[in-house]
Amino acid sequence: FAAQRHVLTYMEDAVSQLLENREDISQYGIARFFTEYFNSVRQGTHILFREFSFVQATPHNRASFLRTFWRCFRTVGKNGGKYSSICYYLLTAQEYHCLLQLLCPDFPVELTQKAARIVLMDDAMDCLMSFSDFLFAFQIQFYYSEFLESVAAIYQDLLAGKNPNTVIVPTSSSGQHRQRQPPNDCSPLDGVEASLFYQCLESLCDRSKYSCPPSALVKEMLSSAQRLTFYGFLMALAKDQGINRALGALPDKGDLFLDPAMDQELEKLVAQVSGLSISGSTSSSRDAANLPVRNSPRINSPWKPLHHRRKMDAESEGSNEETDSSEN
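Keep in mind that what you see is a predicted model, and the values were worked out from it rather than measured.

**Observations concerning the packing of aromatic side chains**
Within a pair of aromatic rings, the relevant descriptors are the distance that separates the centres and the angle that separates the planes.
Link 1 in the chain: Enumeration over the complete set of coordinates arrives at 21 aromatic pairs.
Link 2 in the chain: A centroid spacing of 6.0 Å and a plane angle of 55 degrees characterise the contact between Phe69 and Phe138, whose relative ring orientation is tilted. Taken together, the residues span a long stretch of sequence, with Phe69 in helix H5 (residues 59-73) and Phe138 in helix H8 (residues 131-143) at a distance of 69 residues. Considered together, Phe69 and Phe138 belong to a single accessibility category, that of buried residues.

**Some details on the pattern of salt bridges**
Link 1 in the chain: This structure, assessed with the given rule, holds 6 salt bridges.
Link 2 in the chain: A salt bridge links Arg50 to Glu51; the shortest N-O distance between them is 3.2 Å.
Link 3 in the chain: Residue Asp252 pairs with Arg245 through a salt bridge whose shortest N-O separation is 3.2 Å.
Link 4 in the chain: Each of the salt bridges in this network shares a partner with another, and the network as a whole consists of Asp13, Arg50 and Glu51.

**Here we look at a nonpolar patch on the surface**
Link 1 in the chain: A cluster of nonpolar residues, Val7, Leu8, Met11 and Phe38, forms a patch on the protein surface that exposes about 320 Å² of accessible area.
Link 2 in the chain: In this structure, Leu8 sits in helix H1 (residues 7-20).
Link 3 in the chain: In this structure Leu8 comes out as exposed when scored by relative accessible area, which is 57%.

**Topic: unusual backbone geometry**
With the exception of glycine, most residues fall at negative phi, and the peptide bonds are largely trans.
Link 1 in the chain: The backbone of Phe49 sits at a positive phi, close to 60 degrees, despite the residue not being glycine.
Link 2 in the chain: Checked against the element boundaries, Phe49 lands in the loop between helix H3 (30-43) and helix H4 (52-55).

**Quick look at the packing of helix H7 (residues 109-120) against helix H12 (residues 230-239)**
Link 1 in the chain: Contact geometry of H7 with H12 gives a least axis separation of 9 Å together with a crossing angle of 95 degrees. Here H7 lies roughly perpendicular to H12, going by the angle between them. On the side of H7, the interface is formed by Arg117, Ile118 and Val119, while H12 contributes Tyr231, Leu234 and Met235.
Link 2 in the chain: Grouping the amino acids of the contact of H7 with H12 by side-chain chemistry returns 5 nonpolar, no polar and 1 charged.

**Things to note about the nonpolar core**
Link 1 in the chain: In this structure, Phe65, Phe197 and Phe233 are the most contacted members of the largest nonpolar core, which totals 69 residues.
Link 2 in the chain: In terms of residues, this core owes the most to one element, H8, which gives 9 residues.
Link 3 in the chain: Mapping this core onto the domain boundaries places at least three of its residues in each of domain 1 (1-43) and domain 2 (44-164 + 190-258).
Link 4 in the chain: Apart from the residues lying within four places of it in its own chain, the contact partners of Phe65 are Ile47, Val55, Leu100, Leu103, Cys104, Phe107, Phe138 and Phe142.

**Side note on the environment of Gln113**
Link 1 in the chain: Mapped onto the elements, Gln113 comes out in helix H7.
Link 2 in the chain: Residue class for Gln113 comes out partly exposed when judged on its relative accessible area of 34%.
Link 3 in the chain: Placed 19 residues apart in sequence, Gln113 and Gln94 show a C-alpha to C-alpha distance of 8.2 Å.

**Focus on the packing of H5 against H8**
Link 1 in the chain: Two elements in contact, H5 and H8, have axes whose closest approach is 10 Å; the angle formed by their N-to-C orientations is 170 degrees. Between H5 and H8, the angle is such that the two are roughly antiparallel. Mapping the contact onto sequence places Pro59, Arg62, Ala63, Phe65, Leu66, Phe69, Trp70 and Phe73 in H5 and Phe131, Phe134, Leu135, Phe138, Gln139, Phe142 and Tyr143 in H8.
Link 2 in the chain: Of the residues that constitute the contact of H5 with H8, the class distribution is 13 nonpolar, 1 polar and 1 charged.

**Structural notes on the confidence of the model for the chain**
In low-pLDDT regions, the fine details of the predicted coordinates are not to be read closely.
Link 1 in the chain: Averaged over all residues, the pLDDT of the chain equals 79, while 71% of them reach at least 70.
Link 2 in the chain: Within the chain, strand E4 (residues 177-179) has the poorest average pLDDT of any element, 39, and H4 the best, 98.
Link 3 in the chain: This stretch, residues 80-87, has a pLDDT under 50; its non-local contacts, to residues over four places away or in other chains, come to 14 contacts.
Link 4 in the chain: Counting contacts from residues 166-186, a segment whose pLDDT is below 50, to residues more than four positions away or on other chains yields 25 contacts.

**Regarding the side chain of Asn61**
Link 1 in the chain: Mapped onto the secondary structure, Asn61 falls in helix H5.
Link 2 in the chain: A relative accessible area of 0% places Asn61 in the buried class.
Link 3 in the chain: A polar contact of 2.7 Å, which involves the side chain of Asn61, links it to the side chain of Tyr10.
Link 4 in the chain: At a separation of 2.7 Å, a polar atom in the side chain of Asn61 contacts the main-chain carbonyl oxygen of Phe54.
Link 5 in the chain: Those residues within four positions of Asn61 in sequence are excluded, and the remaining contacts are Tyr10, His46, Ile47, Phe54 and Val55.

**Focus: H5**
Link 1 in the chain: Here H5 contains 15 residues, and its C-alpha end-to-end distance of 21 Å stays within 8% of the 21 Å for a straight helix at 1.5 Å per residue.
Link 2 in the chain: All of the buried residues along H5 are Asn61, Arg62, Ala63, Ser64, Phe65, Leu66, Thr68, Phe69, Trp70 and Phe73.
Link 3 in the chain: Tucked into the core, H5 has its buried residues touching H1, H4, helix H6 (93-103), H8, helix H9 (145-159) and helix H13 (241-247).

Rules used throughout
- Residues numbered from 1 in each chain as written.
- Predicted model: local features only at pLDDT ≥ 70, side-chain atom pairs only at ≥ 80, totals over all residues.
- Heavy atoms only, no water.
- Phe/Tyr/Trp six-rings, centres within 6.5 Å; stacked < 30°, edge-to-face > 60°.
- Helix = DSSP H or I, 4+ residues; strand = E, 2+ residues; numbered from the N terminus.
- Buried < 20%, exposed > 50% of the residue type's maximum accessible area, 1.4 Å probe, protein only.
- Salt bridge = Lys/Arg side-chain N within 4 Å of Asp/Glu carboxyl O.
- Patch = residues over 30% accessible without salt bridge, like charges linked within 9 Å, V, L, I, M, F, W, Y side chains within 5 Å.
- Areas by Shrake-Rupley, 256 points an atom, 1.4 Å probe, with all protein chains shown as cover.
- Axes fitted to C-alpha atoms, helices over the stretch in contact; angles between N-to-C directions.
- Parallel < 35°, antiparallel > 145°, perpendicular 65-115°, else oblique.
- Contact = heavy atoms within 4.5 Å.
- Nonpolar A, V, L, I, M, F, W, Y, C, P; charged D, E, K, R; others polar.
- Core = buried A, V, L, I, M, F, W, Y, C linked by side-chain atoms within 4.5 Å.
- Domains from an automatic or database assignment.
- pLDDT = per-residue confidence, 0-100.
- Polar contact = N/O pair within 3.5 Å; in protein donor to acceptor, adjacent residues only side chain to side chain.
- Expected span 1.5 Å × (residues − 1).

Here it is in structure tokens:
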């Protein structure tokens, strides 16, 4: 259980944080520090402003980062709404990367570009993307990054006519591994055979120590396809709501811009700010009423607007010409 939940990772990080901030922590006690640390881990806020090596260290960290990114920037893609000043936002990959860096300053740009490529495919990387398209593509690329690297290698082998699944030939003389090599009679645009591709993915999921999408959902997703390309497969993963629910970090696409808990917090914050501004203006006006009226001398500003200066310069030039002509 401890290994599955990566308890040692969090214990090591907690001790490291304790040693780095021992002077501040000594004021309110070690027990309180550990309580607050593991409460933040449970709530998913422990990844805020942390280095990328920690953000991607565990599946829980990755899911927490995805959820935090969604909650912080969901209004970027909100179609109207109470807290959206513009009807609809479309951003480039670089702009989405800037948002990611607000939460993780050293977040690698390569991951953002790979996520954008799932959406854009053959389009230029500076094309605009909606928040929902980028978010679900980014979820697949970030959470399953090691799995997708292996999938890319499998796809290239199949495209080259190789079978990545090695077969052990049961002979006593040689324990060599041979590979079945089906004929390569398809172009890269046609992709690879979906059934053979799934067999390789199923074998990969069985032996992989990294996070993989549920093989049953992948099989169902590929069941209606005869052939597929690599980015077609990634796009299908990103759009599959069953895989999204299995991962558990983001809501369904239809509920992407709904977050009642966050909306309540925003309403409380807006009410507090409004109350402060109202009370502040009332008290300032009351104080101003109690102050004695004083006639302060009016001080002319030493500068004038640009258009006014230009007008005065033109007039002065004209007056100079008149002066010159009168002298002559």
